[in-house]
Amino acid sequence: MTTTHHICLLPGDGIGPEITAEAVKVLGAIGERSGASFRFTEALLGGAAIDATGSALPEETLAAAHAADAVLLAAIGGPKWDTTSPDKPRPEQGLLGIRKALGLYANLRPVKIFDALKDASSLKPEYLEGVDMLIVRELTGGLYFGDRARQRSVPGAATGGGPGQRAYDTMDYREFEIERIARVAFEAARTRRGKVHSVDKANVLESSRLWREIVHRLHAAEFSDVELVDQLVDNSAMQLVRWPAQFDVMVTENMFGDILSDEASMLTGSLGMLASASLGDGTALYEPSHGSAPDIAGQGIANPLAMLLSVELMLRMSFGMAEAADALGAAIEGVLADGWRTRDIADASTLPQKMVGTTAMGDLIVERMRG
Ligand code: NAD
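Predicted model, so just to flag it, every value in this text is computed and none were measured. (Residues numbered from 1 in each chain as written. Predicted model: local features only at pLDDT ≥ 70, side-chain atom pairs only at ≥ 80, totals over all residues. Heavy atoms only, no water.)

Turning to the site of the ligand, a few remarks are in order. Around the ligand, the structure places 19 residues, and the nearest of them are G78, G291, A293, D295 and N303. One nitrogen or oxygen atom from the main chain of I76 is found 2.9 Å from an oxygen atom belonging to the ligand. Between H290 and the ligand, the recorded distance is 3.2 Å, taken from a side-chain N or O atom to a nitrogen atom. Protein contacts shield 67% of the accessible area of the ligand, which totals 800 Å² for the unbound molecule. Partitioned by chemical class, the residues of the shell around the ligand number nine nonpolar, six polar and four charged. (Near = heavy atom within 4 Å. Polar contact = N/O pair within 3.5 Å; in protein donor to acceptor, adjacent residues only side chain to side chain. Areas by Shrake-Rupley, 256 points an atom, 1.4 Å probe, with all protein chains shown as cover. Nonpolar A, V, L, I, M, F, W, Y, C, P; charged D, E, K, R; others polar.)

Set out below in structure tokens:
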């Protein structure tokens, strides 16, 4: 019996529709070889949704996302919708709104160095040997969601002890939030090299001491087969550029993860190659890490590979199609090893005849998978 996976496509704005078309094409080829079939529902998000409905996240989009087995989002936003008016809708409201509505508490970002692209990194190639890590960032708690306030006039708050303003944000975590994100990390490690770095600031922060306690409790109870290493966040920031290959899975709270995942993403040297998955208790959402690249939209030159790597994650994590995911990953690697490049990942050594646009890159991946 053929399994049908229902995907909600959110092409969004800018290059979004162009890279989404490549994802659909590649999923067609994956269907042919795996016997699975994919059903697509396309919905509006971001600027395109504002133009059509006045809202960045229309009700129908939310309903389509909830009804699907997975959501594949390209990118939203662009100068057309830039506004500082608090009363006007903004494309980002669509993105934040859908993450919130789907309860996506775990953000997973793989950072893998493709041999063929080693020279694109700002680190020397010898430091990149063996880099293949997964950052698991807590997405709905911590400093970005805790109590916050700004007080206009507080005695002694200004420099010199006079009255001045005061502001604070609170890093707030509950046991269940820590346990569920740690579980995601340990489970991911079991499918990889079996090692988790739990990153905190337990020498200073009370929330980090709770973090460490809960992570260790879960580890001892259910995941003692996984190696667990505690690391202080300042050390992690340093280790990421000193010896990135030591990491398999890194799990951390929201703000630390925000900063460390951007640092780690630069190891690859290319925005066009980074995928992400956001997981909750229901439908998961997959998206490339880059934006809508309005500067190149409509020119047929966008790199579809981050989108295709997001498809790879979706196959693996939402549909349990490990073999198809491996085949897609291998096809991407093979096409790069053969020297094919979109403009953003080309360098001086790229042969002019191996420079390809969005559609041709998608075709090469499909051909490679058909073998
Ligand atoms: P961006 O990621 O869109 O572009 C940065 C640079 O990288 C540009 O030069 C662009 O051409 C290039 N680039 C990005 N993706 C590429 C790809 N796949 N292939 C080839 N080149 C690529 O970031 P930005 O310019 O800061 O933002 C543009 C718009 O995207 C803004 O409206 C921003 O709010 C939005 N944005 C959306 C998301 C999202 O949807 N998740 C994320 C970041 C930015």
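Next comes the rest of the description.
A word on helix α10 (residues 322–337). Between its terminal C-alpha atoms α10 stretches 22 Å, which fits the 22 Å expected from 16 residues at 1.5 Å a residue. Those residues of α10 lying buried are A324, A325, A327, L328, G329, A331, I332, G334, V335 and L336. Against the buried residues of α10 lie α1 (16–34), α9 (305–317) and α11 (358–370). One or two steps after α10, the chain reaches G339, where phi turns positive at roughly 100°. (Helix = DSSP H or I, 4+ residues; strand = E, 2+ residues; numbered from the N terminus. Expected span 1.5 Å × (residues − 1). Buried < 20%, exposed > 50% of the residue type's maximum accessible area, 1.4 Å probe, protein only. Contact = heavy atoms within 4.5 Å.)

Attention now moves to the domain arrangement of the protein. Annotation of the protein at the domain level lists domain 1 (1–117 + 275–371) and domain 2 (122–267). At the junction of the two partners, domain 1 supplies twelve residues and domain 2 supplies 19 residues. Summed over both sides, the interface of domain 1 with domain 2 buries roughly 1500 Å², with 62% coming from carbon and sulfur. In terms of surface lost to domain 2, no three residues of domain 1 exceed Y105, R109 and V111, which account for 48% of the buried area on that side. Run the count over domain 1 and domain 2 and you get one salt bridge. Ionic pairing is found between D262 and R109, a salt bridge with its closest N-O pair at 3.3 Å. Counting the contacts that link domain 1 with domain 2 gives six residue pairs in polar contact (both at pLDDT 80 or more). Looking at the side of domain 1 that touches domain 2, the elements that each hand over two or more residues are β4 (106–112) and β11 (275–279). Of the residues forming the side of domain 1 that touches domain 2, the biggest block, seven residues, is contributed by β4. (Domains from an automatic or database assignment. Buried area = accessible area lost by both parts, 1.4 Å probe. Salt bridge = Lys/Arg side-chain N within 4 Å of Asp/Glu carboxyl O.)

Another aspect to go through is the sheet that holds β4. With respect to topology, ten strands assemble into an open sheet ordered β2-β1-β3-β12-β11-β4-β5-β10-β8-β9, the strand pairing being mixed. Looking at which strands have only one partner, the edges of the open sheet turn out to be β2 (37–42) and β9 (227–232). This sheet shows a mean twist of 25° between the axes of neighbouring strands, independent of strand direction. The strands that α1 touches are β1 (4–12), β2, β3 (70–75) and β12 (284–288); relative to β1, the one it contacts most, it runs at about 165°. (Pairing = 2+ DSSP bridges. Axes fitted to C-alpha atoms, helices over the stretch in contact; angles between N-to-C directions.)

This part covers the side chain of R109. Structurally, R109 is set in strand β4. Judged by relative accessible area, which is 13%, R109 ranks as buried. Engagement of the side chain of R109 in a polar contact is seen with the side chain of D262, the distance being 3.3 Å. Apart from the residues within four sequence positions on either side, R109 is in contact with M133, L134, I135, S261, D262, S265, A275, S276 and S289.

The subject of this paragraph is the pairing of β9. Relative to β9, strand β8 (residues 195–200) runs parallel, the two sharing six bridges. Bridge pairing in β9 places D200 opposite L232. Since β8 and β9 lie parallel, the crossover through helix α6 (residues 206–222) that links them has a hand, and here it is right-handed. (Right-handed = clockwise from strand over helix to strand, strands pointing away.)

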